[in-house]
Amino acid sequence: MNAKKIIYALATFVLLSCSDDILDKKPLDRVGETDVFEDENLLRNFVNGTYRGLKHSFDDENSFSDGLTDNAYNQHGSANGTIKIYTSAEISPDNVEPVTRQLWRDAYVNIRRVNLFFEKTIDSPIESDALTVMSGEMQFLRAFMYFDLLRWYGGVPIVTNTFDLDAETFEVARNTADEVAQLIVSECDAAIAKLPSLTSIASGRANKEAAMALKARTLLYIASPLFNESNSVEKWTAARDANKAVMDLATVSLVSSAEEYGNLFSGDNAKEIILSRQFTQTNNQGWGVNLWLYSNGYGGWNTTTPTQNLVDDYELTNGLLPSDPGSGYDDQNPYVDRDPRFYESILFNGAQFRDQTYDFYVDVNDVSQSGKDS
């Protein structure tokens, strides 16, 4: 036998004697999928990562969705087109994602994580109590992401499983808004049964009260005229009962004054906060709402400003709107005797803001007022 035949014979022997799993090795540069779903600490990190599906409410100057409505005007959003394409009715399937700040993409990426969690934790060796809480968190997160999709898009495809690369098709039919709402309510009910109370869990984590509140808001939305064209009393009753259950919670207090209402937005009152987005020095909130909302006199960009339409929606202290002839509204003193929440929300000429009188209007001919003071 010559050398070539010997080498060939050895190579054939080596190949035939290889075990089937010779290439089935754990990766050395990352944690393997099997380990993630069988180790409690690794699985907890996987769940933590899925919280990114709760989108940052104010991650850029176009975050203020009031600018999409008659309530406010967003000057920068209008300039760069992000909001303007909506307000000018130029929305199409090709340009909607910037308006929703990539909601569709981000929601379904994280919904897939939830689906994978449930597929991989069947018969899990992880301690049952810990797994139950984590599964409750994941069901809440999936419900929250579908709620975001519902309020922006109405009916969307419901996907509760992952797809294999060799699947025959990846197409999923669009579900109705009612079907999406039913899924959200079902997920919330399951989460309510699994999650601890907000008083016994770290801030920022899904909790029983948050699941109740999400269920209540979903039922309220689906009962509204936008989705409830027949004005079904049954839908309104379900919304009423779910919201009353949240209002009656012993673990949540309702604000009792305009000052407490205002303090909700300054971080000085946590009475009504059921779930909040948490930040660290590394994972921070970016430039922040003060920069975008404050006037230039306070170092802000004045990005989003309220319209007269919103101002006129605030009642007087007698409960009547300014447009009501019996309200006593004086157009020469338009900011007198308004709903107390008005003074905590709207800046107007003569308002008290940051320990001084807010003076929005200045004399354009006064040369002493320049720079920020202009």
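Procedures and definitions
Residues numbered from 1 in each chain as written. Predicted model: local features only at pLDDT ≥ 70, side-chain atom pairs only at ≥ 80, totals over all residues. Heavy atoms only, no water. Helix = DSSP H or I, 4+ residues; strand = E, 2+ residues; numbered from the N terminus. Buried < 20%, exposed > 50% of the residue type's maximum accessible area, 1.4 Å probe, protein only. Contact = heavy atoms within 4.5 Å. Areas by Shrake-Rupley, 256 points an atom, 1.4 Å probe, with all protein chains shown as cover. Core = buried A, V, L, I, M, F, W, Y, C linked by side-chain atoms within 4.5 Å. Axes fitted to C-alpha atoms, helices over the stretch in contact; angles between N-to-C directions. Parallel < 35°, antiparallel > 145°, perpendicular 65-115°, else oblique. Left-handed = near helix turned anticlockwise from the far one by under 90°. Nonpolar A, V, L, I, M, F, W, Y, C, P; charged D, E, K, R; others polar. Expected span 1.5 Å × (residues − 1). Polar contact = N/O pair within 3.5 Å; in protein donor to acceptor, adjacent residues only side chain to side chain. Phe/Tyr/Trp six-rings, centres within 6.5 Å; stacked < 30°, edge-to-face > 60°. Lys NZ or Arg CZ within 6 Å of the ring centre and 35° of its normal. Salt bridge = Lys/Arg side-chain N within 4 Å of Asp/Glu carboxyl O.

Draft legend 1. Quick peek at the overall build of the protein chain. The secondary structure content of the protein chain amounts to 15 helices and 4 strands. Relative to its full complement of 374 residues, the protein chain shows a buried share of 34%. Taking the intrachain contacts of the protein chain between residues at least 6 apart in sequence as the baseline, contacts between residues at least 24 apart amount to 58%. Accessible surface for the protein chain amounts to roughly 23,200 Å². Of this, 51% is attributable to carbon and sulfur atoms.

Draft legend 2. Here's a closer look at the nonpolar core. Grouped together as the largest cluster of nonpolar side chains are 54 residues, with contacts concentrated most on Leu43, Phe46, Phe117, Phe140, Tyr146, Leu149 and Ile184. When contributions to this core are tallied by element, the ones reaching two or more residues are helix H3 (40-50), helix H7 (103-120), helix H8 (128-153), helix H9 (177-194), helix H10 (208-223) and helix H11 (233-247). For Phe46, the residues in contact, after removing those within four places along its chain, are Val36, Phe37, Arg113, Leu116, Phe117 and Met138. Phe342, Ile346, Ala351 and Phe353 belong to the second-largest nonpolar core, a separate cluster that totals 8 residues.

Draft legend 3. Fine view of the packing of H8 against H10. Between H8 and H10, whose axes approach to 11 Å, the crossing angle comes to 25°. As the angle between them shows, H8 and H10 are arranged roughly parallel. As for the relative orientation of H8 and H10, their crossing is left-handed in sense. Residues Phe140, Ala143, Phe144, Phe147, Leu150 and Arg151 of H8 lie in contact with H10, whose contacting residues are Ala210, Ala211, Leu214, Arg217, Thr218 and Tyr221. Looking at the contact of H8 with H10 residue by residue, the classes come out as 9 nonpolar, 1 polar and 2 charged.

Draft legend 4. View of the packing of H8 against H9. With their axes 8 Å apart at the nearest point, H8 and H9 run at an angle of 155° to one another. On the basis of their axis angle, the class for H8 and H9 is roughly antiparallel. Once H8 is placed against H9, the crossing between them reads as left-handed. Contacts between H8 and H9 involve Thr132, Val133, Ser135, Gly136, Gln139, Phe140, Arg142, Ala143, Tyr146, Phe147 and Leu150 on the former and, on the latter, Ala177, Val180, Ala181, Leu183, Ile184, Glu187, Cys188, Ala190, Ala191 and Lys194. When its residues are assigned to classes, the contact of H8 with H9 shows 14 nonpolar, 4 polar and 3 charged.

Draft legend 5. Representation of H8 in the model. Taking 1.5 Å per residue as the helical rise, H8 with its 26 residues ought to reach 38 Å, and the 37 Å between its terminal C-alpha atoms agrees with that figure. For H8, the capping residue at the N-terminal end is Glu127, with a side-chain oxygen 3.0 Å from the backbone nitrogen of Asp129. Where H8 ends, the next residue or the one after it, Gly154, has phi of about 75°, a positive value.

Draft legend 6. Here's a closer look at the side chain of Asn74. Note on placement: Asn74 falls in strand S1 (residues 72-74). Of note is the side chain of Asn74, whose polar atom sits 3.1 Å from the side chain of Thr304.

Draft legend 7. Structural view of the packing of aromatic side chains. A complete count under the given rule lists 17 aromatic pairs for this structure. Considering the side-chain rings of Phe117 and Phe118, the 5.0 Å spacing of their centres and the 85° angle between planes classify their relative orientation as edge-to-face. A network of ring pairs unites the aromatic residues Tyr314, Tyr335, Phe342, Tyr343 and Phe348 as a single cluster. Directly above the ring of Phe46 sits Arg113, whose terminal nitrogen or CZ lies 4.2 Å from the centroid. Here the basic side chain of Arg338 rests over the ring of Phe342, its NZ or CZ set 5.1 Å away from the ring centre.

Draft legend 8. Spatial organisation of H10. End to end, H10 covers 23 Å across 16 residues, agreeing with the expected 22 Å (1.5 Å per residue, within 8%). For H10, every residue scored as buried is listed here: Glu209, Ala210, Ala211, Met212, Leu214, Ala216, Thr218, Leu219, Ile222 and Ala223. Turning to H10, the residues buried within the fold contact H8, H9 and H11. Backbone nitrogen of Glu209 and a side-chain oxygen of the N-cap are separated by 3.2 Å at the start of H10; the cap is Asn207.

Draft legend 9. Fine view of the pattern of salt bridges. Applying the stated rule across the entire model yields 11 salt bridges. Across the pair Arg44 and Glu137 runs a salt bridge, and its minimum N-O distance is 2.7 Å. Of this pair, Arg44 sits in helix H3 while Glu137 sits in helix H8, and the two are 93 residues apart along the sequence. Assessed through its relative accessible area of 22%, Arg44 is described here as partly exposed. Overall, Glu137 belongs to the buried group, its relative accessible area being 0%. The partner of Arg105 in a salt bridge is Asp106, with the nearest N and O atoms 2.8 Å apart. Judged by its relative accessible area of 22%, Asp106 falls in the partly exposed class. Shared partners join several salt bridges into a network, and the residues in it are Arg44, Glu137 and Arg205.

Draft legend 10. Examining the side chain of Ser197 more closely. With respect to the helices and strands, the residue Ser197 is situated in the loop between H9 and H10. Those residues in contact with Ser197, other than ones at most four positions away along the chain, are Asn207, Lys208, Glu209 and Thr251.

Draft legend 11. Expanded view of the environment of Leu131. Among the secondary structure elements, Leu131 is positioned in helix H8. As a C-alpha pair, Leu131 and Arg44 span 87 residues in sequence and 9.1 Å in three-dimensional space. Discounting residues that sit within four places of it in the chain, Leu131 has contacts with Leu43, Phe117, Thr121, Ser124 and Ile126.

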